[in-house]
Each structure stands twice: as structure tokens, then as C-alpha cells.
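Structural features, examined
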Amino acid sequence: SVLALCKYMCISLSVCERHLPLLFTTLHGEQKASVRGNIVVALGDLAFRFPNAVEPWTSHIYKRLRDESSHVRSQTLMVLTHLILNDMVKVKGQVSEIVLSLEDDEPRTADLARLFFQELSKRGNNPIYNLMPDIVSRLSQDDAVSRETFRNVIPFLMSFITRDKHSELLVEKLCFRFATCSTMQQTQDVAFCLAQLSINEKALRKLDALVKTYMNALFDDDVYKSFLELAAKAKKFAKPEFRE
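Now for a description of the structure that goes with this document. (Residues numbered from 1 in each chain as written. Predicted model: local features only at pLDDT ≥ 70, side-chain atom pairs only at ≥ 80, totals over all residues. Heavy atoms only, no water.)

1. Points about the packing of helix α3 (residues 33-49) against helix α6 (residues 70-85)
Running from amino to carboxyl end, α3 crosses α6 at an angle of 5°, the nearest separation of the two axes being 9 Å. Relative to α6, α3 is oriented roughly parallel. Mapping the contact onto sequence places Ala33, Arg36, Gly37, Val40, Val41, Gly44, Ala47 and Phe48 in α3 and His71, Val72, Gln75, Thr76, Val79 and Leu83 in α6. Looking at side-chain class alone, the contact of α3 with α6 contains eight nonpolar, five polar and one charged residues. (Axes fitted to C-alpha atoms, helices over the stretch in contact; angles between N-to-C directions. Helix = DSSP H or I, 4+ residues; strand = E, 2+ residues; numbered from the N terminus. Parallel < 35°, antiparallel > 145°, perpendicular 65-115°, else oblique. Contact = heavy atoms within 4.5 Å. Nonpolar A, V, L, I, M, F, W, Y, C, P; charged D, E, K, R; others polar.)

And the structure:
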């Protein structure tokens, strides 16, 4: 009955709009993983057919990435990968949910998440760079995300920041994030992200110019360790007159 409804919705915009609330209510409350999986796949078809109608419900699709069923999580990731890489869904901060799929218990799902970010990084404007500040903020503030998970996924994402200009701009954006941190762990997370960047002389000059944004956090051993790592990287390329 669910599949029949979805097929009718694919034919008619009015039928689609009328029954989307019912479809998402069913997706949320359905006990059978196979039915939830079928709904997610059908939503991919509906998003392709009537993108404007499905767009307001996109956040509910992302939620299935945390479904208790590995089958549903995998189906959801496949659908979102298809929609995003084919420009049918805009990449927004909710992509942090896909970041967590990098640590999925199911190896095939984790591999698909890696492939997604590899393909996304090949886009001309490298959306990963634009998304990084928001991803860092969302993951750091999410109590359900463990520190271990955070520190496993961030280095992978930072590996796609290869342009010097992007590294320089991220240094600045992350430094200003210190002021918005409400806990010491969030401060430690921002410092950890900074330490993952490949920096150059311009980036180091920005760090020096923005010292007031983070100097009050340097008392913390974890934060201090991250800045020591940055200093160690800088020593490899610093000219004698720049070492101080």
C-alpha cells in the first residue's frame, strides 16, 4: 500500500503535496525496516520529480541516517548521495549527518560516506570548504557525538582542504569560533580542527594577528597541545626571521 501510494504521488503534484505529511508520519512511526527503506527510496524519486514539494521535508530524510536499521541508513545515504551529487538537493549544514556515517557500524555504509565526500570535493568550488565551519559547530554541539567520533572524522574532512587560500580563510573563521564556544570541550574541538590544517606563512600570520581570540584558552592542556602542533608544522617552512 505504501509503494502504491508513492507511485501515485510520483504521477501527480497535487497528490504528492497532499500525502507527503502522511508519508513522513508513516516513515517516522513504521516498525518494519523494509517499509521505512522503501519509503526513503520512494522519496528519492519524489525529490527528483517534484523537488520544490519535497525540499521542506529534507531534514526528515536526513534523520533516517540515524535509523536503528543498517539497511535503512544505507538506503538513506544512497538516496541523499544521488540527490546531492546530481544537484537535486542543496548541500547545507545538515550534511554533518552524513559526516557521522563515516563512523557507521556497517562498513559498506561508511565506505559510501567516504565516496560521497571524495566526489563532493571534486566540485569546482569545493563545497566541503564552505561547509566546514558549520559542520564543526554542529558536531561539537551535538551531545550524541562522542569526542572519539569527532576526532576520527575531522582529519578526513580536513584532508580535502588543499588550497592555500582555503586554509588561510579557515584559520580566520575557526579563530572567530572560539568566542562562540560555550564549553571547554567545544573550545578544544575548534583548536583540534585548526591543528588539522596544512598551514603556510600567511595562515600563520593570521594566527598571530588573531591571538586575542584564543589566548585565554591556552591554559587548557588540550588546546595548548593543538597550538604546539601548529607551531611544529610552521617550523618546517618558517624563514629564520619568521621563527619567533
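From this point, the narrative continues.
2. Describing unusual backbone geometry
Phi angles above zero are rare outside glycine, and Asp87 is one such case at about 60°. Considering the arrangement of structural elements, one finds Asp87 in the loop between α6 and α7 (96-100). Note on Asp87: relative accessible area 62%, which makes it exposed. (Buried < 20%, exposed > 50% of the residue type's maximum accessible area, 1.4 Å probe, protein only.)

3. Some thoughts on empty space enclosed by the protein
Evaluation of the coordinates by the stated rule reveals one cavity of 30 Å³ or more. Estimated volume of the largest cavity: approximately 60 Å³. In this structure, the largest cavity is lined by Val136, Ser137, Ser140, Gln141, Arg177, Thr180, Cys181, Gln186 and Val190. Among the elements of the structure, α9 (127-141) and α12 (184-196) are those that each provide at least two residues to the lining of the largest cavity. At four residues, the largest contribution of residues to the lining of the largest cavity is made by α9. (1 Å grid on protein atoms, 1.4 Å probe; cavity = no way out; pocket = protein on both sides within 12 Å on 5 of 7 lines; lining within 4 Å. Points joined across faces, edges and corners; volume = space filled by probe spheres on them.)

4. As for the side chain of Asn200
In this structure, Asn200 sits in the loop between α12 and α13 (201-209). Judged by relative accessible area, which is 17%, Asn200 ranks as buried. For Asn200, the contacting residues outside a window of four places in its chain are Asp164, Glu168 and Phe237.

5. Considerations on the packing of helix α1 (residues 2-11) against helix α2 (residues 13-29)
Two numbers describe a pair of packed helices, the interaxial angle and the distance between the axes. Between α1 and α2, whose axes approach to 7 Å, the crossing angle comes to 145°. Helix-helix and strand crossings are classified by hand; for α1 and α2 the assignment is left-handed. Every residue of α2 that contacts α1 at Val2, Leu5, Cys6, Tyr8, Met9 and Ile11 is listed here: Leu13, Val15, Cys16, His19, Leu20, Leu22, Leu23 and Thr26. Among the residues making up the contact of α1 with α2, the classes are represented as 12 nonpolar, two polar and no charged. (Left-handed = near helix turned anticlockwise from the far one by under 90°.)

6. Considerations on the state of the cysteines
What the rule picks out here adds up to zero disulfides. Just so you know, Cys6 is unpaired, no disulfide at all, and the nearest cysteine sulfur is the one on Cys10, 7.1 Å from it. Not part of a disulfide, Cys181 finds its nearest cysteine sulfur in Cys193, a span of 9.8 Å. (Disulfide = S-S within 2.5 Å.)

7. Concerning the layout of surface pockets
Taken as a whole, the largest pocket encloses approximately 460 Å³ of empty space. For the lining of the largest pocket, the secondary structure elements donating two or more residues are α13, α14 (211-214) and α15 (221-235). Looking at the lining of the largest pocket, the element that brings in the most residues is α15, giving six residues. The residue makeup of the lining of the largest pocket, split by class, is 12 nonpolar, no polar and six charged. What the second largest pocket holds in volume is close to 270 Å³. Lining of the second largest pocket is provided by 15 residues; of these, Arg66, Leu100, Ser101, Glu103 and Asp104 occupy positions nearest its centre. Here the lining of the second largest pocket is composed, by residue class, of four nonpolar, three polar and eight charged.

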